[in-house]
Amino acid sequence: MMKRIETEFLFALTNPGTEKALKLEAETMGLGWRLSYQRRGFVTFKADAPFSLESLDVAVACARRLCLSLGKSATREEAVAKLGDMAVIHHAKFYDRKMQGVNEGAPLARPKAGELIGTVVELGEGEFWSGVYRHGPFLSPDPAGDSGIVMTERSPSRAWLKLEEATRFFDLNFTSRDIVVELGCAPGGVVLALLDRGIPVIGVDPAKMADVVMEKAIVNREDAPLGKPWFYHCRKPAALASKRDLGQGVTWFMSDMNQSPEVVLKECARFCKMAPSIRGALMTLKLTDPAQVAEKAAWFTSLREMGFKAIRLQQLAVHHKELALLATR
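Quick caveat: nothing in here was measured; it's all calculated off a predicted structure.

Student: Before we move on, can you summarise the overall build of the protein chain with the specific residues and values?
Tutor: What the protein chain contains, in helices and strands, is eight helices and 16 strands. For the protein chain, the C-alpha radius of gyration of 21 Å lies close to 20 Å, the compact-globule estimate for 329 residues. The proportion of buried residues among the 329 residues of the protein chain is 52%. In the protein chain, the proportion of contacts linking residues at least 24 apart, taken out of those at least 6 apart, comes to 68%.

Listed below in structure tokens is the structure:
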């Protein structure tokens, strides 16, 4: 039986600039965590009682990774030694004004649920931190929650990167039987990522789409081919899209609209009524201030009223002032 791990501190890895939002979120959640030490992209907390692996089983949106802290070292070798004989060790580094996972080559294999992962974080010359966490659902498999995926040159926008990062972070599985409706789809980054997976997409946006996406466009929703990926462009504002525009069989709602979280959630509710077959929703919530994360309880209530049971709000490595919101039935 594994010896119980308890530590005096835990650390969180976050996108630089959202440290304040992370602390506010922990306070709003009533976790009892108090700030101990902070650098850009790195925040340590302490509490009245020791932290254990169970302490990490909290859905803190502004933390890409939570680890029990095993302390600071002057060299990478010392930091690795603190992790003992741990089979899997991830490395992270604050570099180029970002907290980045250190990936050499292709992304690492996804850890098994319950597997202990060691983490070494390099914050600067002579400052290395060691930590440990247990892998589980809705946790990124990558060092520092950063897949290191590079955007394809074919993509017309960074939205492609957001979809790819979210898919890997949340371990999402789509099939050719899925049909996605995406709001705010222009110029087509998410649409391209889905089409390349063989998934049909209904894009709702009055703006023009990129040529690479229009190669698989159909003129009428009723003419959608069976067994092939296709794209139907509904050139309307989201509020004017109708049940007829959606047709039958929509299984996912997605949105990258440049609107407030309240507007996005309102549209999600309306589309779920028009398409009861929707089983999942993935939204990018654009925040004017990262501290808006304190409003997440109200967002979750709205989603539960729509019938969603599993909900996760998460900052991704590719995000700036935004969060990914995943909900499934």
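After that view, the rundown keeps rolling.
Student: Give me the sheet that holds strand β4 (residues 65-73): which residues, what numbers.
Tutor: Read from one edge to the other, the open sheet built from eight strands follows the order β2-β3-β1-β4-β8-β7-β5-β6, with strand pairing classed as mixed. Of all strands in the sheet, those bounded by a partner on one side alone are β2 (34-39) and β6 (98-101). Across the sheet, the mean angle separating the axes of adjacent strands is 35 degrees when strand polarity is ignored. Two strands pair when backbone bridges link them, and strand β1 (residues 6-13) and strand β3 (residues 42-52) are joined in this way by seven bridges, in the antiparallel orientation. Bridging from a neighbouring strand, E6 pairs with S52 of β3. Across the sheet, helix α1 (residues 19-28) touches β1, β2 and β3, and the angle it forms with β3 is around 20 degrees.

Student: Now, about the pairing of β2: what can you tell me, with residues and values included?
Tutor: Pairing of β2 with β3, which is carried by five bridges, proceeds in the antiparallel orientation. When the bridges of β3 are listed, L35 appears paired with F45. In this structure, the hairpin formed by β2 and β3 is closed by a connection of two residues, where G41 is found at a positive phi of approximately 80 degrees.

Student: Outline the state of the cysteines, listing residues and values.
Tutor: Scanning the entire structure with this criterion turns up zero disulfides. For C185, which is in no disulfide, the shortest distance to another cysteine sulfur is to C234 and amounts to 8.7 Å.

Student: Before we move on, could you go through α1 and cite the residues and values that matter?
Tutor: Turning to α1, its buried residues are E19, A21, L22, E25 and A26. For α1, the buried positions fall inside an angular range of 160 degrees around the axis, keeping them on one side. Seen from the open side of α1, the exposed residues pointing more than 90 degrees away from its buried face are K20 and E27. Looking at the packing, one finds that the buried side of α1 touches β1, β2, β3 and α8 (296-305). One or two steps after α1, the chain reaches G30, where phi turns positive at roughly 70 degrees.

Student: Can you tell me about the pattern of salt bridges, naming the residues and giving the values?
Tutor: Close approach of charged atoms lets side chains of opposite charge pair. Inspection of the entire model under this criterion finds 20 salt bridges. For E25, the salt bridge goes to K296, with nearest N and O atoms at 2.7 Å. Here the residue E25 occupies a position in helix α1, and K296 occupies one in helix α8, the gap between them amounting to 271 residues. When sorted by exposure, E25 lands in the same class as K296, which is buried. Among the salt bridges present, the one from K286 reaches E322, with a minimum N-O distance of 3.6 Å. Of this pair, K286 sits in strand β14 (residues 280-286) while E322 sits in strand β16 (residues 322-328); the two residues are 36 residues apart in sequence, bridging distant segments of the chain. Per residue, the accessibility class of K286 equals that of E322, and both read buried.

Student: Residue-level account of the sheet that holds strand β12 (residues 231-234), with values.
Tutor: Sheet strands pair via backbone hydrogen bonds, and the direction of the pair is either parallel or antiparallel. Ordered in space as β11-β12-β10-β9-β13-β14-β16-β15, the eight strands form an open sheet in which the pairing is mixed. Each end of this open sheet is capped by a strand with a single partner; those strands are β11 (217-218) and β15 (310-314). Looking at chain direction, β15 and β16 are connected through five bridges and run antiparallel. Its bridge partner lying in β16, A310 is registered against T328. Contacts from helix α7 (residues 261-274) reach β9 (180-183), β10 (201-204), β13 (252-255), β14 and β16 within the one sheet, and its direction differs from that of β14 by about 160 degrees.

Student: How would you summarise the packing of aromatic side chains if you had to cite specific residues and measurements?
Tutor: This structure, assessed with the given rule, holds ten aromatic pairs. A network of ring pairs unites the aromatic residues F11, Y37, F42 and W129 as a single cluster. The residue whose ring lies beneath R329 is F308, and the NZ or CZ to ring-centre distance is 4.6 Å.

Student: How would you explain the environment of T175 if you had to name every residue and give the values?
Tutor: Mapping T175 onto the fold places it in the loop between α3 (159-170) and β9. Taking relative accessible area as the criterion, T175 reaches 30% and is therefore assigned partly exposed. T175 sits 93 residues away from K82 along the chain, and the two C-alpha atoms are 43 Å apart.

Student: I'd love a proper account of the packing of α3 against helix α4 (residues 189-196), names of residues and values included.
Tutor: The N-to-C vectors of α3 and α4 enclose an angle of 50 degrees; their axes lie 6 Å apart at closest approach. As summarised for this structure, α3 and α4 are arranged oblique, according to the angle between their axes. With respect to the hand of their crossing, α3 and α4 are arranged in right-handed fashion. Contact residues: A159, W160, L163 and E164 in α3; G189, V190, L192, A193 and L194 in α4.

Conventions used here
- Residues numbered from 1 in each chain as written.
- Predicted model: local features only at pLDDT ≥ 70, side-chain atom pairs only at ≥ 80, totals over all residues.
- Heavy atoms only, no water.
- Helix = DSSP H or I, 4+ residues; strand = E, 2+ residues; numbered from the N terminus.
- Rg over C-alpha atoms; globule rule 2.2 N^0.38 Å.
- Buried < 20%, exposed > 50% of the residue type's maximum accessible area, 1.4 Å probe, protein only.
- Contact = heavy atoms within 4.5 Å.
- Pairing = 2+ DSSP bridges.
- Axes fitted to C-alpha atoms, helices over the stretch in contact; angles between N-to-C directions.
- Disulfide = S-S within 2.5 Å.
- Arc of directions from axis to C-beta.
- Salt bridge = Lys/Arg side-chain N within 4 Å of Asp/Glu carboxyl O.
- Phe/Tyr/Trp six-rings, centres within 6.5 Å; stacked < 30°, edge-to-face > 60°.
- Lys NZ or Arg CZ within 6 Å of the ring centre and 35° of its normal.
- Parallel < 35°, antiparallel > 145°, perpendicular 65-115°, else oblique.
- Left-handed = near helix turned anticlockwise from the far one by under 90°.

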